[in-house]
Amino acid sequence: MTAIPSPSQGVWHLGPLPVRAYSLLMVLAIVVGVWVTRRRWAARGGDPDVVVDLATWAVPFGLVGARLYHVATDWRQYFGPGAEPLRAFAIWEGGISIWGAVAGGALGAWLACRRRGIPLRDFADAVAPGIALGQAIARWGNWFNQELYGRPTDLPWALEIDAAHRPAGMESTATYHPAFLYESLWDLGVAGLVVWAERRFHLDRGRTFALYAEAYTTGRAWIEWLRVDPAPLVLGLRLNVWTALLALGAALTYLAITRRRPAGTPGCTSIGA
């Protein structure tokens, strides 16, 4: 049987300095996202250097939000009986959430946009495909950590998981759906869809970002449904499935509300300096 092997390690040591694949991929994801956004912002007539200024706000807020969401929704792992509360700060071990990242990043971007006099919805449109590409890259950090996999499978593209990382009760099962890979490929498709639809339908005023949210959450809902790792349940569904459905509903509502408004030119018309 063929299968995708998992890396034997995700951290290397340069003397006393640990170099973690997860962290490196996060940095690469941010760099790619900023680079794409700079190009899109400049194409809209804005100063590309503004993007770096906004990123210095959005990225830290996003990382904090991502970790807070994870810790809050899986608090027993850090504050339950026998847990180690200080591990809540060990972000290099994995355990960050895109939901918290987007919420925290949006707050940081909003604060930075207010300082610059830039409409947040215009910036959100510019950054949308960059977020999707960044997500596609960052998901490979889950591969190195042997996490974000789905149900057992013997498909040719099944993912091998070491015994130490297998779910309780499945210690004898070696191969699983590579959910991280599904999401990475889905995110690449979302980035392409957003760029195409923006040009085809002249999306603006936040509608490009809403389309990104709609497309991403649609994929995330079914990928989340595949997962077998422990997670909080609400009415029999994983909490993240509900979060995806709520975000999907919000995106669809925004697109429906703005659907009949006259479309502007592709891009922003008042993006500030």
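Use the structure listed above.
Residues numbered from 1 in each chain as written. Predicted model: local features only at pLDDT ≥ 70, side-chain atom pairs only at ≥ 80, totals over all residues. Heavy atoms only, no water.

Novice: Tell me about the overall build of the chain, and name the residues and values.
Specialist: Tallying secondary structure elements over the chain gives 9 helices and 6 strands in all. For the chain, whose C-alpha radius of gyration is 20 Å, the value lies close to the compact-globule estimate of 19 Å for 273 residues. The dimensions of the chain, computed from C-alpha atoms along their principal axes, are 60 × 40 × 35 Å. By the burial criterion, 45% of the 273 residues in the chain qualify as buried. Partitioning the intrachain contacts of the chain with sequence separation of at least 6 by distance along the chain shows that 71% fall at a separation of at least 24. Summed over all atoms, the accessible surface of the chain reaches about 14,000 Å², with 67% contributed by carbon and sulfur. When the 25 positive and 20 negative side-chain charges of the chain are each reduced to one mean point, those points stand 9 Å apart. (Helix = DSSP H or I, 4+ residues; strand = E, 2+ residues; numbered from the N terminus. Rg over C-alpha atoms; globule rule 2.2 N^0.38 Å. Buried < 20%, exposed > 50% of the residue type's maximum accessible area, 1.4 Å probe, protein only. Contact = heavy atoms within 4.5 Å. Areas by Shrake-Rupley, 256 points an atom, 1.4 Å probe, with all protein chains shown as cover. Lys, Arg positive; Asp, Glu negative; His and termini not counted. Charge placed at Lys NZ, Arg CZ, Asp CG, Glu CD.)

Novice: Just give me the short version of helix α2 (residues 49-73), but keep the residues and values in it.
Specialist: Across its 25 residues, α2 extends 36 Å between first and last C-alpha, which sits within 8% of the 36 Å expected from 1.5 Å per residue. Along α2, the sharpest change in direction is near 35 degrees and occurs at Ala55. (Expected span 1.5 Å × (residues − 1). Bend = angle between axes of the 7 residues up to and from the residue.)

Novice: Account for the packing of helix α5 (residues 120-138) against helix α7 (residues 179-201), naming residues and giving values.
Specialist: Angle between the axes and distance between the axes are the two parameters that describe a pair of packed helices. Contact pair α5 / α7: the axes reach a minimum separation of 7 Å and the direction vectors enclose 160 degrees. By the angle class used here, α5 and α7 are roughly antiparallel. Where α5 crosses over α7, the two elements pack in a sense that is left-handed. Contacts from Asp125, Ala128, Pro129, Ala132, Leu133, Gln135 and Ala136 in α5 reach Ser184, Asp187, Leu188, Val190, Ala191, Val194, Val195 and Glu198 in α7. Here the residues of the contact of α5 with α7 sort into 10 nonpolar, 2 polar and 3 charged. (Axes fitted to C-alpha atoms, helices over the stretch in contact; angles between N-to-C directions. Parallel < 35°, antiparallel > 145°, perpendicular 65-115°, else oblique. Left-handed = near helix turned anticlockwise from the far one by under 90°. Nonpolar A, V, L, I, M, F, W, Y, C, P; charged D, E, K, R; others polar.)

Novice: Now, about the environment of Thr73: what can you tell me, with residues and values included?
Specialist: Following the sequence through the fold, Thr73 ends up in helix α2. Residue classification places Thr73 among the partly exposed positions, given a relative accessible area of 22%. Separated by 166 residues in the primary sequence, Thr73 and Leu239 have C-alpha atoms spaced 8.1 Å apart. One polar contact links the side chain of Thr73 to the main-chain carbonyl oxygen of Tyr69, over a distance of 2.8 Å. At 3.3 Å, the side chain of Thr73 forms a polar contact with the backbone oxygen of His70. (Polar contact = N/O pair within 3.5 Å; in protein donor to acceptor, adjacent residues only side chain to side chain.)

Novice: If you had to explain the pairing of strand β1 (residues 11-14) to someone new, which residues and values would you point to?
Specialist: Sheet topology places β1 next to strand β2 (residues 17-20); 4 bridges connect them, and they run antiparallel. Residue pairing in the sheet places His13 in a bridge with Pro18 of β2. In this structure, the hairpin formed by β1 and β2 is closed by a connection of 2 residues, where Gly15 is found at a positive phi of approximately 65 degrees. (Pairing = 2+ DSSP bridges.)

Novice: Requested: an account of the pattern of salt bridges, with residues and values cited.
Specialist: What the rule picks out here adds up to 14 salt bridges. A salt bridge links Arg38 to Asp49; the shortest N-O distance between them is 3.0 Å. Of this pair, Arg38 sits in helix α1 (residues 21-43) while Asp49 sits in helix α2, and the two are 11 residues apart along the sequence. The exposure class assigned to Arg38 is partly exposed, which follows from its relative accessible area of 26%. With a relative accessible area of 48%, Asp49 lands in the partly exposed category. Taking the shortest distance from any N to any O, the salt bridge between Arg220 and Glu183 comes out at 3.9 Å. A residue pair is termed long-range when its members are at least 10 positions apart, and Arg220 in helix α8 (residues 207-226) and Glu183 in helix α7 qualify at 37 residues. (Salt bridge = Lys/Arg side-chain N within 4 Å of Asp/Glu carboxyl O.)

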